[in-house]
Amino acid sequence: MPSEDSESRSSRPSLRELEVLHALIATGKTTAAGQRLGISQPAVSRAVAALEERVGRVLFSRDGGRLVPTADALALEAEAAPILAGLARLENWPRAPRAQSLLRISAAPTVAHHFLAPLLARFVAAEPETRVVVEIGRGGDVLAAVAAGSVDVGIGMLETPVAHLGVRAEPFRRSKAKCIMWPDHHLARLPVVRPIDIGSEPLIVVTRRFAARALFDRAFADVGIEPNIVAEATTSTFVMEMVRSRAGISVLNPFPMSLTDDPSFVYRPFLPEITYEMAFLLPATGAAPSAARRFVDLVRAEQPDDPFTVALR
């Protein structure tokens, strides 16, 4: 004996039957309805008969050569209208323009100015329907903004492990510390620069709030050298400008300033190695908004190369 659930399922019209009902009401003829749906006239007749049996109502009466819908047919079509409209939207969805979307990005100043801007310009040109808001702040601010959900994606230096359970990281760039100086500096003759080579040379470095600074301090401490730090700053851009002014040399992550190919600077490998990874920061749970995912994919595919860093695509 059929269950109550199977009986309720058997009385539910199929999508094909509802499409036939709609087409037949619109055209009044089984032949025209079949042409509209791309099926044969007998298939239309069978679908109508099956639907009438399923709902237990007469849905059409004949008036000459036309089929005239009954009140029950019109009532059933009205109930089915939202379903059929949804199917039509799904059919047209791949060809429909994307609804305007908002992409919220957070990045540290150096990354935003030297790396993000040209790639974001390409993204905006490719997706004019997407409005972009960029928040520029400290590395900790980038992490906090992603964790709080106030931005869709952050770009920042990866610290292992990521310092917030609500954030996951997708690395896209790896680099190693370089000793950076002006071209005629005497250390520029060396293929590799070590703390003992730097000795008491004036140094411009990033502040201790950056995790890599501890590795820099340890490299000098391990060989018993007190670095001659004459200035500290919170952005690599400022450090580089101080080097350009010949206030001192630096040991620094070359990314992203090395992308500019500025002849004012030369880069030499620094030992012991200090490794950096730049990463996209995304919420740890849930899918990223589609605009954020498309932006991440574009950056991975189109990020420029340089001789001092490795793009992770």
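Residues numbered from 1 in each chain as written. Predicted model: local features only at pLDDT ≥ 70, side-chain atom pairs only at ≥ 80, totals over all residues. Heavy atoms only, no water.

**Q** Explain the overall build of the protein chain to me, using residue names and the numbers behind them.
**A** The helix and strand tally for the protein chain stands at 11 helices and 13 strands. If one aligns the C-alpha atoms of the protein chain with their principal axes, the spans along those axes are about 105 × 45 × 30 Å. The buried share of the protein chain, taken over its 313 residues, is 41%. Counted over contacts in the protein chain with a minimum sequence separation of 6, partners at least 24 positions apart contribute 74%. For the protein chain, the distance from the average position of its 35 positive side-chain charges to the average position of its 35 negative side-chain charges is 3 Å. (Helix = DSSP H or I, 4+ residues; strand = E, 2+ residues; numbered from the N terminus. Buried < 20%, exposed > 50% of the residue type's maximum accessible area, 1.4 Å probe, protein only. Contact = heavy atoms within 4.5 Å. Lys, Arg positive; Asp, Glu negative; His and termini not counted. Charge placed at Lys NZ, Arg CZ, Asp CG, Glu CD.)

**Q** So what about the confidence of the model for the protein chain? Which residues, and what values?
**A** A low pLDDT means the predicted coordinates there should not be read in detail. When pLDDT is averaged along the protein chain, the result is 87; 91% of the residues meet or exceed 70. In the predicted structure, residues 1-9 sits below a pLDDT of 50 and forms 2 contacts with residues beyond four places in sequence or in another chain. (pLDDT = per-residue confidence, 0-100.)

**Q** How would you summarise helix α6 (residues 109-126) if you had to cite specific residues and measurements?
**A** Over its 18 residues, α6 runs 24 Å from end to end, which matches the ideal 26 Å to within 8%, given 1.5 Å per residue. Along its length, α6 reaches its greatest deviation from straightness, about 55°, at L116, and the proline P118 lies no more than four positions downstream. Taken residue by residue, α6 has T110, V111, A112, F115, L116, L119, L120 and F123 as its buried positions. (Expected span 1.5 Å × (residues − 1). Bend = angle between axes of the 7 residues up to and from the residue.)

**Q** Please set out helix α2 (residues 15-27) residue by residue, giving values where relevant.
**A** With 13 residues, α2 extends 18 Å from end C-alpha to end C-alpha; this agrees with the ideal 18 Å at 1.5 Å per step. Restricting attention to buried positions, one finds in α2 the residues E17, L18, V20, L21, A23, L24, I25 and T27.

**Q** Can you break down the packing of aromatic side chains residue by residue, with the values?
**A** Throughout the structure, instances matching the rule amount to 7 aromatic pairs. Here the aromatic rings of F115 and F172 are separated by 5.6 Å at their centres, their planes lie at 15°, and the arrangement is stacked. Here the residue F115 occupies a position in helix α6, and F172 occupies one in strand β6 (residues 167-176), the gap between them amounting to 57 residues. With respect to burial, F115 and F172 carry one shared label: buried. (Phe/Tyr/Trp six-rings, centres within 6.5 Å; stacked < 30°, edge-to-face > 60°.)

**Q** Let's hear about the side chain of S106: which residues, and what values?
**A** Locating S106 in the fold gives a position in strand β3 (residues 101-107). By relative accessible area, which is 3% here, S106 ends up buried.

**Q** Summarise a nonpolar patch on the surface; cite the residues concerned and give the values.
**A** On the surface, a nonpolar cluster with roughly 360 Å² of combined accessible area is contributed by L15, I83, L87 and L90. As for its placement among the helices and strands, I83 is situated in helix α5 (residues 71-92). (Patch = residues over 30% accessible without salt bridge, like charges linked within 9 Å, V, L, I, M, F, W, Y side chains within 5 Å. Areas by Shrake-Rupley, 256 points an atom, 1.4 Å probe, with all protein chains shown as cover. Salt bridge = Lys/Arg side-chain N within 4 Å of Asp/Glu carboxyl O.)

**Q** With reference to specific residues and values, describe the sheet that holds strand β7 (residues 178-181).
**A** Judged by pairing direction, the sheet is antiparallel, and its 3 strands sit side by side in the order β10-β7-β11 without closing on themselves. Strands with a single pairing partner mark the edges of an open sheet, and in this sheet they are β10 (250-252) and β11 (266-269). Adjacent strand axes in the sheet meet at a mean angle of 35° when their direction is disregarded. As defined by bridge partners, β7 adjoins β11 across 4 bridges and the pair is classed as antiparallel. (Pairing = 2+ DSSP bridges. Axes fitted to C-alpha atoms, helices over the stretch in contact; angles between N-to-C directions.)

**Q** Run through unusual backbone geometry, naming residues and quoting values.
**A** Following F255, the chain continues into P256 via a peptide bond in cis, with omega recorded as 5°. If you trace the backbone, P256 turns up in the loop between β10 and β11. Geometrically, the link from L271 to P272 is a cis peptide bond, its omega value of 5° lying close to zero. Even without being glycine, R246 reaches a positive phi, approximately 65°. A positive phi angle, close to 55°, is found at D261, a residue other than glycine. You can see D261 is positioned in the loop between β10 and β11. Looking at D261, the relative accessible area reads 68%, which means it is exposed.

**Q** Got a sec to walk through the pairing of strand β8 (residues 202-206)? Specific residues and values, please.
**A** The element β8 is extensively covered by neighbouring structure, given that 4 of its 5 residues are classed as buried. Sheet analysis places β8 next to strand β9 (residues 228-233), joined by 5 bridges and oriented parallel. Across the sheet, residue I204 finds its bridge partner in β9, namely A231. For the crossover that starts at β8, traverses helix α9 (residues 211-221) and ends in the parallel β9, the hand is right-handed. (Right-handed = clockwise from strand over helix to strand, strands pointing away.)

**Q** Outline the pattern of salt bridges, supporting the account with residue identities and numerical values.
**A** With the rule as written, the count across this model stands at 19 salt bridges. Close ionic contact of R300 with E170 constitutes a salt bridge, the shortest N to O distance being 4.0 Å. Note that R300 is positioned in helix α11 (residues 290-302) and E170 in strand β6, a separation of 130 residues in sequence. Judged by relative accessible area, E170 falls into the buried class, the value being 15%. Put simply, D184 and R246 hold a salt bridge, and the shortest N to O gap is 3.2 Å. Separated by 62 residues along the polypeptide, D184 in the loop between β7 and α8 (195-198) and R246 in the loop between α10 (236-244) and β10 bring together distant segments of the chain.

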